[in-house]
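An overview of the molecular structure
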Amino acid sequence: MADVALDPYTSHGQDGLVDRHGTVMNDATIDVLIRQAVVQANAGCDIIAPSDMMDGRVEAIRAALDQAGHQSVQIMAYGAKYASAYYGPFRDAVGSGGLLKGDKKTYQMDPANSDEALREVALDIAEGADSVIIKPGMPYLDIISRVRQSFNIPIFAYQVSGEYAMLQAAARAGALDLDAAMLEALLAFRRAGADGIISYFAPRAARLLNGSSA
Ligand SMILES: NCc1[nH]cc(CCC(=O)O)c1CC(=O)O
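Residues numbered from 1 in each chain as written. Predicted model: local features only at pLDDT ≥ 70, side-chain atom pairs only at ≥ 80, totals over all residues. Heavy atoms only, no water.

**As for the environment of D7**
Turning to its location among the elements, D7 is positioned in the loop between strand 1 (2-4) and helix 1 (26-42). Considering only alpha carbons, one finds D7 and R91, 84 residues apart in sequence, at a separation of 8.7 Å. Those residues in contact with D7, other than ones at most four positions away along the chain, are G13, Q14, D15, F90, S96 and K104. (Helix = DSSP H or I, 4+ residues; strand = E, 2+ residues; numbered from the N terminus. Contact = heavy atoms within 4.5 Å.)

**Looking at the sheet that holds strand 2 (residues 47-50)**
Taking strand neighbours across the sheet as the criterion, the six strands line up as 1-2-3-4-5-6 in an open arrangement whose pairing is parallel. Edge positions in the sheet fall to strand 1 and strand 6 (196-199), since each of these pairs with one other strand and no more. For this sheet, the mean angle separating the axes of adjacent strands, direction not counted, is 30°. Note that strand 3 (residues 74-81) and strand 4 (residues 131-135) share five bridges and pair parallel. Its bridge partner lying in strand 4, M76 is registered against S131. (Pairing = 2+ DSSP bridges. Axes fitted to C-alpha atoms, helices over the stretch in contact; angles between N-to-C directions.)

**Thoughts on the nonpolar core**
Counting 57 residues, the largest nonpolar core has I48, L65, I143, I144 and V147 as its most contacted members. No other element matches helix 7 (residues 178-192), which puts seven residues into this core. Here V147 is in contact with L118, V121, I134 and I155, once residues within four sequence places are set aside. (Core = buried A, V, L, I, M, F, W, Y, C linked by side-chain atoms within 4.5 Å. Buried < 20%, exposed > 50% of the residue type's maximum accessible area, 1.4 Å probe, protein only.)

**Looking at the site of the ligand**
Of all residues adjacent to the ligand, which total 17 residues, the nearest are K81, R91, K104, S161 and Y200. Side-chain polar atom of K135 to a nitrogen atom of the ligand: 3.5 Å apart, as the coordinates give it. Contact between the ligand and Y200: an oxygen atom at 2.6 Å from a side-chain N or O atom of the residue. Among the residues making up the shell around the ligand, the classes are represented as seven nonpolar, three polar and seven charged. (Near = heavy atom within 4 Å. Polar contact = N/O pair within 3.5 Å; in protein donor to acceptor, adjacent residues only side chain to side chain. Nonpolar A, V, L, I, M, F, W, Y, C, P; charged D, E, K, R; others polar.)

Encoded structure:
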């Protein structure tokens, strides 16, 4: 499974190509994203997860994958991805954090808006998404629940880097029991209606749930 977006590779940290005013260009970006997706599928990726949030990219990636003979490669679309402060550690890890000028609010969603999540997910499904991601996780449990009630499609909660860092930092400061707080957070995604969870805690959670020590 691989993430499709341009931000680890751009000099400005945006998820797409920009014009000379710095505005992200939706359709020109899609032309690059479909090539990125086909390269990933050629390399053996089974599931393509576009995190860029350009409009119309799921349909274009589906067509490009099919044309390249990758009919059985799935698309897990970031259906509802919010312009969030919780992506900080990820951006530092890919090196885009220090480069990013401005924000991603022209293509990522407004945290104040929940109806738009339903419209975005509906579009992704219509364009051929096999499953959808809601992101970030814990501050957006209501979105998982609303999408669950409206659509019959596999939903993945993405517990993002800032959520992981918060729990680790709190545990290190002696404020929380890491394993208990982690398992409670993962359970909450399930309760809200997620079929699967993407989490940096996955290896630790798996060890705990299998009865071995973390
Ligand atoms: N488009 C890139 C991308 N893919 C996943 C994340 C965030 C993941 C995380 O914080 O764990 C981001 C960062 C962003 O949109 O700025």
